[in-house]
Amino acid sequence: MSPVTALPLFRLIWFYISGMLLAICYPTDLFITLILLVALSTLYLSIAARTISCAWLNPIGLLLIFLVGYSNLLLQVGQQKKGSTWGHPHLKGYRACIQKVYHPHNCQAAITHIKDDLGWHNSRTPIQLYFSKPSAYKPKKGDTLLVRGTPIHALPSHPMQQAVPLTSLAYPSMHRHVLKQINQDFIVLQSLDQNRQWATMITQWCSDTLHQQLKDRQAIALVTTLLWGEKEDLNPALQKAYVDTGTIHVLAISGLHVGMFYLLMQAIFRFLFSHIGGLILPGLFTLLWLWLYAWLCHFAPPILRATMMITIARIGFLMGRGFNRYNGWMASAFALLLWNPLLLWNCGFQLSYMATLGILYLQPYIHRLLAPKNYGLQKIWTATTLSIAAQVATLPLILYYFKQFPLYFILANWLVVPAIFAILILSLALLAGSHLPIMQTCLSSILSFTLEKLIAATNAWVCWLAKWPMCTLKTATVNGYAACLLYIILFSICLFLHHKHLIYPVIISLCTLLYSVEQIQIRIAKQKKCKLICYNNDQLSFTLKDGIERLHCDRALSEPICDTQWLGTAQSTAYSTVFKEYTQTKTIKSPLTTALQKPANDLPCKRSSHYAGGIIATWDKKVILTLHQIPVDWYGWNRAKLDADYLLINADLLQDIAIICKVLHMKTLVIYTQQDHALRYHPNIKQLGILPIWLKPGAKKTLTWLKNL
């Protein structure tokens, strides 16, 4: 019997996930599925009651698990669609719980219930709430609001939603709502979720203690990020440095934090119960504190995965039974997917479980390649093999989600992971020691000073390493299909090294061929697409590309720069000629009026020039317009509206949006803002009738359309 088939939970979770995938591809009526599920359950129980020696995972049991996965996903998708429907006019209001506060007038919340003429219904929809400046209410995390009215659909809550349809299951559509006056548009309720209220109170107490003991704001932000995952106050540049060096996993609440917390609690309780003897009490108290930590972190999927695996292993050890690490890995995955099947499409869930699988399977093989005799070298080699195994196992997912791969992750993790472990220990000691009656001031001062210096050194190391040349390998051609092929290749290589069968090289060659064909198709498709790349660098800058030609426009330049490497000198001269004709024309006030009043079929394929308000460019019959100031002739405009496909403006011009709407009829609006949190309330946005795209400082947004061949 092979090791894989000897694992019953492998077949269990395989059939369960297969049922969920079939529900995605071929959904059917939920009522019929539930009837089949009840009938098959009755048959299974009747056979199991009559036959004592019947295996619990017989073909009927596997089919039952398959239907459980199928019906569970259909039920979750049905509830999500029902809770996310806001279009009917009978909706009266909803109840929302604030999860993150970005700004005194901007927060993210989760809608828990909606109300219509039929009563209250459950909902699982994220929403962005904006409060007007005169409002006396300041949003706080954990507050529950009862809101009147209907929100409107906004940008997706996750950037992968537009590119991958399946991710919309794990990340529902985002909505936004502007709230003006308390007790009129909304009221503040006491949270009905007592557990969440207690968790919020504990984390708030810890946060207040850290603010009293630490002076450095970034040190406080890093500690709160490591303890319970609040990244709102962490510097975005610092987060990017952690991403570029491959150490971002230490900032995300994951199994690494659970393992560190488990080792710390285990050492403490073994010391406290050393005079009693035995391992039962230290093990039970350690597991109790481990689940308390998972509760404080709101039961995030990586936290639950690690906590459940440790719990299963410790209970099996205390009961005197063996523990199979693969069975524990699959048991935790099955329990989480049974609780919420939509976690299968969650990025954190996928990265956590694939990294764990790499550590369980690949790390022993990699570790046996070298056998250093020095104790220090042994620890360094062990940490290195753990990092390599996790990165190899998650490589396709990293390329798929982040479009880059860190090249110095081994060097970065050598110092960052031990430093993070020390930071966690010092943070917990500071929280406990700051309230001790004996030596409170002296102990807190020493711990605060040491903690701030260690955090500063760790951040400096990460930022310095991120500036090295060739820090990351960037790629944008790995989609879902390519990621699956890469995983098949990776699994086939592992199986070939283990079994030495010739079928695996054949599979590797076939998948490599399919991957090459996929990459060629992607390159051909890029030639057929036009791109508008907007980037906020304190100017209304953008770049137009179509795979062959490229044009960069910047208002600081006297004339848009045409990339002669792509376009050639002749075409660059043509742009200069067009610009001179516009500037020398006396019968026309601006090139904007002439260009936009022409029929769409008469527009030049590629052209750009300046006018009084900014830059106008046409690219494959699309009109791109920047506006950094209102031209004088717009104030007295009395003619028909001009069509613009893309309008790029400064956020300061929103106060004159009525004049802009009188002159232009725009399809897409990109707002260059100077605020760190781009999604902010502005009363004049309602006049647009379209959904704007906010571009934060230093951010970049790519808009695409098919090229007219």
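Remember, it's a predicted structure, so these values are computed and weren't measured experimentally.

Conventions and cut-offs
- Residues numbered from 1 in each chain as written.
- Predicted model: local features only at pLDDT ≥ 70, side-chain atom pairs only at ≥ 80, totals over all residues.
- Heavy atoms only, no water.
- Helix = DSSP H or I, 4+ residues; strand = E, 2+ residues; numbered from the N terminus.
- Buried < 20%, exposed > 50% of the residue type's maximum accessible area, 1.4 Å probe, protein only.
- Phe/Tyr/Trp six-rings, centres within 6.5 Å; stacked < 30°, edge-to-face > 60°.
- Lys NZ or Arg CZ within 6 Å of the ring centre and 35° of its normal.
- Pairing = 2+ DSSP bridges.
- Axes fitted to C-alpha atoms, helices over the stretch in contact; angles between N-to-C directions.
- Salt bridge = Lys/Arg side-chain N within 4 Å of Asp/Glu carboxyl O.
- Expected span 1.5 Å × (residues − 1).
- Contact = heavy atoms within 4.5 Å.
- Lys, Arg positive; Asp, Glu negative; His and termini not counted.
- Patch = residues over 30% accessible without salt bridge, like charges linked within 9 Å, V, L, I, M, F, W, Y side chains within 5 Å.
- Areas by Shrake-Rupley, 256 points an atom, 1.4 Å probe, with all protein chains shown as cover.
- Charge placed at Lys NZ, Arg CZ, Asp CG, Glu CD.
- pLDDT = per-residue confidence, 0-100.
- Core = buried A, V, L, I, M, F, W, Y, C linked by side-chain atoms within 4.5 Å.
- Left-handed = near helix turned anticlockwise from the far one by under 90°.
- Nonpolar A, V, L, I, M, F, W, Y, C, P; charged D, E, K, R; others polar.

**So, unusual backbone geometry**
Phi is positive for Lys-403, which is not a glycine, with a value near 60°. In this fold, Lys-403 is placed in the loop between helix 14 (395-401) and strand 8 (404-406). Using a relative accessible area of 29% as the deciding quantity, one classes Lys-403 as partly exposed. Positive phi values are uncommon outside glycine, yet Lys-500 reaches one of about 60°. By secondary structure assignment, the location of Lys-500 is in the loop between helix 17 (480-499) and helix 18 (503-527). Judged by its relative accessible area of 53%, Lys-500 is exposed.

**So, the packing of aromatic side chains**
What the rule picks out here adds up to 18 aromatic pairs. Through pairs of rings, three or more aromatic residues link up here, namely Tyr-408, Trp-461, Trp-464 and Trp-468. The ring of Tyr-365 has Arg-368 lying over it, and the distance from NZ or CZ to the ring centre is 4.9 Å. One Lys or Arg, Arg-639, reaches over the ring of Trp-637 and ends 4.3 Å from the middle of that ring.

**Considerations on the sheet that holds strand 15 (residues 615-619)**
Across the sheet, which stays open at both edges, the 6 strands sit in the order 14-15-16-17-18-19 with mixed pairing between neighbours. What marks the edges here is a single partner per strand, and that holds for strand 14 (606-610) and strand 19 (693-695). This sheet shows a mean twist of 20° between the axes of neighbouring strands, independent of strand direction.

**Notes on the pattern of salt bridges**
Throughout the structure, instances matching the rule amount to 2 salt bridges. In this structure, Asp-244 and Lys-240 form a salt bridge, with 2.9 Å as the shortest nitrogen-oxygen distance. Of the two residues, Asp-244 and Lys-240 both sit in helix 7 (residues 236-244), 4 residues apart, roughly one turn of that helix. By relative accessible area, Asp-244 is classed as buried at 9%. Between Lys-667 and Asp-645 there is a salt bridge, with its nearest N and O atoms 3.4 Å apart. Of the two residues, Lys-667 sits in strand 18 (residues 664-672) while Asp-645 sits in strand 17 (residues 642-650), which places them 22 residues apart along the sequence.

**Examining the pairing of strand 3 (residues 119-131)**
In terms of burial, strand 3 is largely enclosed, as 10 of its 13 residues are buried. Pairing analysis gives 10 bridges linking strand 2 (residues 106-116) to strand 3, with the strands arranged antiparallel. The residue bridging Ala-109 from the neighbouring strand is Ile-127, located in strand 3. If you look at the hairpin formed by strand 2 and strand 3, you'll find 2 residues sitting between the two strands.

**Focus: helix 18**
Counting along an α-helix, one turn takes 3.6 residues, and residues three or four places apart therefore face a common direction. Relative to the 36 Å expected for 25 residues at 1.5 Å per residue, helix 18 spans 37 Å between its end C-alpha atoms, a close match to the ideal helical length. Packed against the buried residues of helix 18 are helix 17.

**Re the side chain of Glu-518**
Positionally, Glu-518 belongs in helix 18. Of the side chains with opposite charge, Lys-403 lies nearest to the buried Glu-518, which makes no salt bridge, at 10 Å. Not counting residues within four places of it along the chain, the set of residues in contact with Glu-518 comprises Asn-479 and Tyr-481.

**A look at a positive patch on the surface**
Positive charge collects at one region of the surface, where Lys-474, Arg-523, Lys-526, Lys-545 and Lys-700 lie side by side. Its relative accessible area of 31% is what places Lys-545 among the partly exposed residues.

**Re the confidence of the model for the protein chain**
Confidence along the protein chain averages 77 in pLDDT terms, with 80% of residues attaining 70 or more. Throughout residues 155-170 the model reports pLDDT below 50, and contacts reaching past four residues in sequence, or to other chains, amount to 33 contacts.

**A look at the nonpolar core**
Nonpolar side chains tend to gather and get buried jointly when the protein is soluble and globular. Core analysis: the biggest nonpolar cluster contains 49 residues, and Leu-222, Tyr-242, Ile-303, Ile-420 and Leu-451 have the highest contact counts within it. The set of elements that each furnish at least two residues to this core consists of helix 5 (194-213), helix 6 (217-228), helix 7, helix 8 (255-272), helix 9 (280-296), helix 10 (301-318), helix 15 (409-433) and helix 16 (440-466). Dropping the residues within four chain positions of it, Leu-451 is found in contact with Leu-214, Val-223, Ile-423, Leu-426, Ser-427 and Leu-430. Listed in part, the 44 residues of the second largest apolar core include Leu-9, Leu-397, Phe-405 and Ala-483.

**Concerning the packing of helix 8 against helix 9**
A pair of packed helices is captured by two measures, namely the crossing angle of their axes and the spacing between those axes. Running from N to C, helix 8 and helix 9 point in directions that differ by 145°, and their axes come no closer than 9 Å. Between helix 8 and helix 9 lies a crossing of right-handed hand. Together, His-257, Val-258, Phe-261, Tyr-262, Met-265, Gln-266, Phe-269 and Arg-270 of helix 8 and Pro-282, Phe-285, Thr-286, Trp-289, Leu-290 and Tyr-293 of helix 9 make up the contact between the two elements. Considered class by class, the residues forming the contact of helix 8 with helix 9 number 10 nonpolar, 3 polar and 1 charged.

**Concerning the environment of Pro-59**
Its place among the elements puts Pro-59 in helix 3 (residues 59-83). Its relative accessible area of 67% is what places Pro-59 among the exposed residues.

**What to know about the side chain of Thr-224**
If you trace the backbone, Thr-224 turns up in helix 6. You can call Thr-224 buried: its relative accessible area is 8%. Here Thr-224 is in contact with Leu-210, Gly-229 and Glu-230, once residues within four sequence places are set aside.

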